[in-house]
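# Architecture at a glance
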Amino acid sequence: MPMRWRFRESRLRHVLLCLACLVLLAPAPLAPGPAPGQAAGAGLPAGVRNELWRARFRDGLPNTVLVGDVLVVSDGDRFEGRDTATGHVSWTFDASKIDGYTPPEDRLAVVGDQVVAVAPHETPDESEDPRGDDLLVFDGRTGAVLWNLTSGFYGFDLPRPYLTYLGVSKGRVLIHLPALGLVRALDIVTGRRLWETAMPSGCAGRHGGAAERVVALLVTCGRRTRLEALDPGSGRLMWSREVFPQGTPLITVSGGTVGLGSDASFTVYDTGGRQLYDHMAGQPCGCELVATATGALIAWSANFTSSYSLVWEAVNRADGSVTRLSGQAGDLERVMAVNGRLYGVRRLGRDPLGSVVVTIDPANGRQTPVTGFPAFQEVTDVSEHLVIVNDTSDEDDALLVAYRTVPAPADDPGAGVRDGVGRERWPDACALLLPAALTAGLRGTRYRSVARSAPPELNLTTPTGCDLLPLDDEQPVLALSVLWVGRTPGEAETVLRVVAGFLDMKRTIVPGTGERVYVGRQMADFVLLRTGDTVIRLDGAGDRAAALRLAAGVASTLKAVA
């Protein structure tokens, strides 16, 4: 699922990225996509979001997966199916009552109408490592439980074997049984054994994965290690490569590609075993892989000590060419493969408050905006007609919200990213502090303004940021940013409150005006304010009293043009 953006406050970055739960460090299961050569689906229409429904969850954000027009939700012990258009719960069951399955901590995968839920096997000692996987398979449209399978303990094969889940492909659930030296395929509907492949004598499987058209397993035979790819339909060996991983190797399977990561490298093989990509690093890689029929998107860490330093590269599967995503295009927090298309979520602008959902051409990394959100709505799922978000504006409950998108006006492609708010309602950041307000706020200092252009996705002609540079070098440099313009003052107030909470700010009153603003507890000259439907950030005044005087000037300007 995180991953990087440039607010100066590291605490805000940390909280927002943790809330996303979407970080690619735990890759999300891919929706079934077209085989190579087939066209992707129509995709989510670009435009303005329109809320369909919302649901509250007391125990934190649930896991979700889409099965056609049903959203399957895993919330603690409870599984439920919700109609994607209305949010109506059509079925539910309690997984804790199923013998041998121990939720929560589920991971969800879907093939056709069937959902596979995977939970770590419960052990007497929760610190035991590694823990096996317990599997529960049910019909995502009806909630009917089909079968389940319980792992044993590591190192034992009686009374039941220790197992790890590899993935789903071609109507099969793939598992690895290390103590028995087997890879086994089970029918996803019945749980019946369809095939199994044994390791050669003296060899052992180490780590594996399965998805779409390939099952991959790292096999160690003495001092030699091979990466083997099996046909999920039959179990036959498709190709094998001798490899030399260092440290703790991990396998990622996506879109018919196989990624092998180790402490200092990441190599990607195409469906037929051709090496498609190779990255060498002098530090742990932290690499991720998401692929479709035409290309692959790969992330690697430029600085292992920072989770905000991922480098993204697009690989063309036809010719192997690599394109590095630069600037804002590389600030991706999450990437999802949906029916043969790649969707990404990234922050919006230099001082970002909003997020933008984009489609990504995996062959060259080119991005096209789809729709936009305030930062307190973290995108978790996308389908051909639906966006599911985690709304973090409620301090007590997790809110799951479903939206559809409606086309934006043809002459204003940025309307969808602005959530339908007209361009004329976004103020010019450099016109917010009039000369008289600057003089009053900073005792006669004169300034010149340097505009910061709005992110191109917003399709604005006015700047959303402004740096005010003093003509006297001894005076402070001011920075003004238009963080968000809401549909309503209520939405803007929610944005203000949530961001102030992330930044550990406290509310105060501007003397003599009655204007309510938030000030930093640590940074004395950092102010957030809302006037009407507009949220503004002001930095650099030098002290709190000056910041409050300037905030009063900004509020006065906004009220005059409202």
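Residues numbered from 1 in each chain as written. Predicted model: local features only at pLDDT ≥ 70, side-chain atom pairs only at ≥ 80, totals over all residues. Heavy atoms only, no water.

### Some remarks on the overall build of the protein chain
Here is the rule we go by: Here a strand is any run of E in DSSP of at least two residues, a helix any run of H or I of at least four, and the numbering for each starts at the N terminus. Burial here depends on accessible area, computed with a 1.4 Å probe over protein chains only, as a share of the maximum for the residue type. Under 20% is buried, over 50% is exposed, and the range in between is partly exposed. Each accessible area is a Shrake-Rupley estimate made with a 1.4 Å probe; only the visible protein chains count as cover when residues are assessed.
Looking only at helices and strands, one finds four helices and 39 strands in the protein chain. Within the protein chain, the fraction of its 562 residues that count as buried is 57%. A total accessible area of about 23100 Å² is found for the protein chain, and carbon and sulfur atoms account for 51% of it.

### Side note on the pattern of salt bridges
The line we're drawing: Note on definitions: salt bridges are taken to be side-chain nitrogens of Lys or Arg within 4 Å of carboxyl oxygens of Asp or Glu.
In this structure the tally under the stated criterion is 29 salt bridges. Of the charged contacts, one joins arginine 226 and glutamate 228 as a salt bridge, the two residues approaching to 2.3 Å between their closest N and O atoms. The class for arginine 226 is partly exposed, based on a relative accessible area of 25%. In this structure, glutamate 515 and lysine 559 form a salt bridge, with 2.9 Å as the shortest nitrogen-oxygen distance.

### Section: the state of the cysteines
The following threshold applies: Two cysteine sulfur atoms make up a disulfide if the distance between them is within 2.5 Å.
Taken as a whole and assessed by the stated rule, the structure comprises two disulfides. Across the disulfide, cysteine 203 is cross-linked to cysteine 221 (sulfur-sulfur distance 1.9 Å). With the S-S bond torsion at 115°, the cross-link from cysteine 203 to cysteine 221 turns out right-handed. Separated by 18 residues along the polypeptide, cysteine 203 in strand β14 (residues 203-211) and cysteine 221 in strand β15 (residues 214-221) bring together distant segments of the chain. The burial state of cysteine 203 is the same as that of cysteine 221; both residues are buried. Bridging cysteine 430 to cysteine 466, the disulfide has an S-S length of 2.2 Å.

### Considerations on unusual backbone geometry
Positioned with a positive phi, asparagine 339 is a non-glycine residue whose angle comes to about 50°. Inspection of the secondary structure puts asparagine 339 in the loop between β26 (332-338) and β27 (341-347). The backbone phi angle of asparagine 459 is positive, close to 55°, even though this residue is not glycine. Inspection of the secondary structure assignment puts asparagine 459 in the loop between β33 (447-452) and β34 (465-470).

### Topic: helix α2 (residues 435-442)
Formally: Along the arc lie the directions from the helix axis toward the C-beta atoms. Between two residues, a contact is recorded if the distance between any of their heavy atoms is within 4.5 Å.
Inspection of α2 places Ala437, Leu438, Gly441 and Leu442 among the buried residues, and these make up the whole buried set. The buried residues of α2 occupy an angular sector of 105° when projected down its axis, which confines them to one face. Exposed side chains of α2 directed beyond 90 degrees from the buried face belong to Pro435 and Ala436. Those residues of α2 hidden inside the fold are in contact with β33, β34, β35 (478-485) and α4 (544-561). Just downstream of α2, arginine 443 is the residue with a positive phi angle, here 60°.

### Observations regarding the sheet that holds strand β18 (residues 250-254)
As a reminder of what qualifies: Strand pairing follows a simple DSSP-based rule, namely that at least 2 bridges must link the two strands. Axis lines are fitted to C-alpha atoms, over the contacting stretch for helices. Their N-to-C directions set the angle, which ranges from 0 to 180 degrees.
The antiparallel open sheet is built from four strands, whose spatial order is β18-β19-β20-β21. Only two strands of the sheet have a single neighbouring strand rather than two, namely β18 and β21 (275-280). Within the sheet, the average angular offset between the axes of one strand and its neighbour, ignoring direction, is 15°. As paired strands, β18 and strand β19 (residues 257-261) are joined by five bridges and run antiparallel to one another. The partner of leucine 250 across the bridge, within β19, is glycine 261.

### Concerning the side chain of arginine 418
Inclusion rule: In protein, a polar contact requires one atom able to donate a hydrogen and another able to accept it; more generally it is a pair of N or O atoms within 3.5 Å, and residues adjacent in sequence count only if both atoms are side-chain atoms.
Residue placement: arginine 418 occurs in the loop between β32 (398-407) and α2. A relative accessible area of 0% means that arginine 418 is categorised as buried. In this structure the side chain of arginine 418 is engaged in a polar contact, spanning 2.6 Å, whose partner is the backbone oxygen of leucine 458. For arginine 418, the residues in contact, after removing those within four places along its chain, are Asp412, Arg423, Trp426, Leu458, Asn459 and Leu460.

### Thoughts on the sheet that holds strand β4 (residues 78-83)
Taking strand neighbours across the sheet as the criterion, the four strands line up as β2-β3-β4-β5 in an open arrangement whose pairing is antiparallel. The sheet terminates laterally at β2 (63-67) and β5 (89-94), the two strands that pair on one side only. For this sheet the average axis-to-axis angle between neighbouring strands, irrespective of direction, equals 20°.

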